[in-house]
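Descriptive structure summary
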Amino acid sequence: MIVVIGSVLAIFISCMGLFALALLMMNQRTKEIGVRKVLGARVSEIVLLLSKDFIRLIGIAFLIGAPLAWWLMSSWLEGFAYRIQMNVWILLLGGIIVLIVALLTVMAQSVRAAVADPVKSLRTE
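Here's a quick rundown of the structure. Residue positions are counted from 1 within each chain, in the order its sequence is given. Thresholds applied to this predicted model are a pLDDT of at least 70 for local features of residues and 80 or more for the giving and counting of side-chain atom pairs; totals over whole chains, interfaces and linings are not thresholded and use all residues. Excluded from the side-chain calculations are hydrogens and water; all other atoms, namely the structure's heavy atoms, are used.

Next up on the list: the overall build of the protein. The way it works is that DSSP assigns letters per residue, a run of H or I at least four long becomes a helix, a run of E at least two long becomes a strand, and they are numbered from the N terminus. The helix and strand tally for the protein stands at five helices and zero strands. Along the protein, helices and strands appear, N-terminal first, in the series α-α-α-α-α. Since a compact globule built from 125 residues should have a radius of gyration of about 14 Å, the 19 Å found for the protein marks it as more spread out than a globular shape. Once the C-alpha set of the protein is aligned to its principal axes, its extents read approximately 65 × 25 × 20 Å. A burial count over the protein gives 23% of its 125 residues as buried. Any two residues whose heavy atoms approach within 4.5 Å at even a single point are treated as in contact. Of the contacts made within the protein by residues no fewer than 6 positions apart, 77% connect residues no fewer than 24 positions apart. Looking at the protein as shown, the accessible area adds up to about 9100 Å², and 74% of this sits on carbon and sulfur atoms. Positive: Lys, Arg. Negative: Asp, Glu. His and the chain ends are not part of the count. To locate a charge, take atom NZ for lysine, CZ for arginine, CG for aspartate or CD for glutamate. If you average the places of the 11 positive and of the 6 negative side-chain charges in the protein, the two averages end up 4 Å apart. The globule rule is 2.2 Å times the number of residues to the power 0.38, and the radius of gyration it is compared with is taken over C-alpha atoms. Only protein chains enter the accessibility calculation, which uses a 1.4 Å probe; a residue whose area is less than 20% of its type maximum is buried, one above 50% is exposed, and one in between is partly exposed. Note on areas: Shrake-Rupley, 1.4 Å probe, and residue coverage restricted to the protein chains presented here.

What follows is the structure, encoded as structure tokens:
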């Protein structure tokens with residue numbers, strides 16, 4: 001039970017950090033978003049543009065973390081009397097879940113930035 005509570009708390013804190021990072025990125029790119037909207041970009045195009053950076057970072061983190069997790073789990077599982085084999089689908093499922101949670105966190109902020117009035121964003125500077 002303590003492990004579950006700790007895991008949920010860790011995921012919640014990481015989502016809060018990701019949300020803050022997305023908010024910072026949206027605030028820095030406000031003028032770019034406004035110009036794109038004035039030039040006729042759709043909301044889906046802007047959301048995809050803003051989410052693409054996070055998808056790339058999550059992919060790099062997965063490429064670094066998956067082999068490390070595979071090695072650590074394999075070496076840890078060798079110490080047990082009843083051994084199981086690590087399956088690739090477990091790591092892929094974990095990566096997909098992380099990607100979905102991160103995209104849901106970032107999408108909320110991306111949609112809010114994409115539907116904002118472009119006149120206000122262009123008037124700020």
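Moving on, we get to the layout of surface pockets. Buriedness for pockets is judged along seven lines, at least five of which must meet protein on both sides within 12 Å for an open set on the 1 Å grid over protein atoms alone, while cavities are sets there where a 1.4 Å probe fits but cannot get out, and lining residues have an atom within 4 Å of a point. Grid points are joined across faces, edges and corners, and a volume is the space filled by probe spheres set on the points. Computed from the structure, the largest pocket encloses a volume of approximately 200 Å³. Lining the largest pocket are 14 residues, with Met26, Thr30, Arg112, Ala113 and Ala116 positioned closest to its centre. Listed by contribution, the elements that provide at least two residues to the lining of the largest pocket are helix H1 (2-28), helix H2 (30-38), helix H4 (88-114) and helix H5 (118-123). Among the elements that take part in the lining of the largest pocket, H2 stands out by supplying four residues, more than any other.

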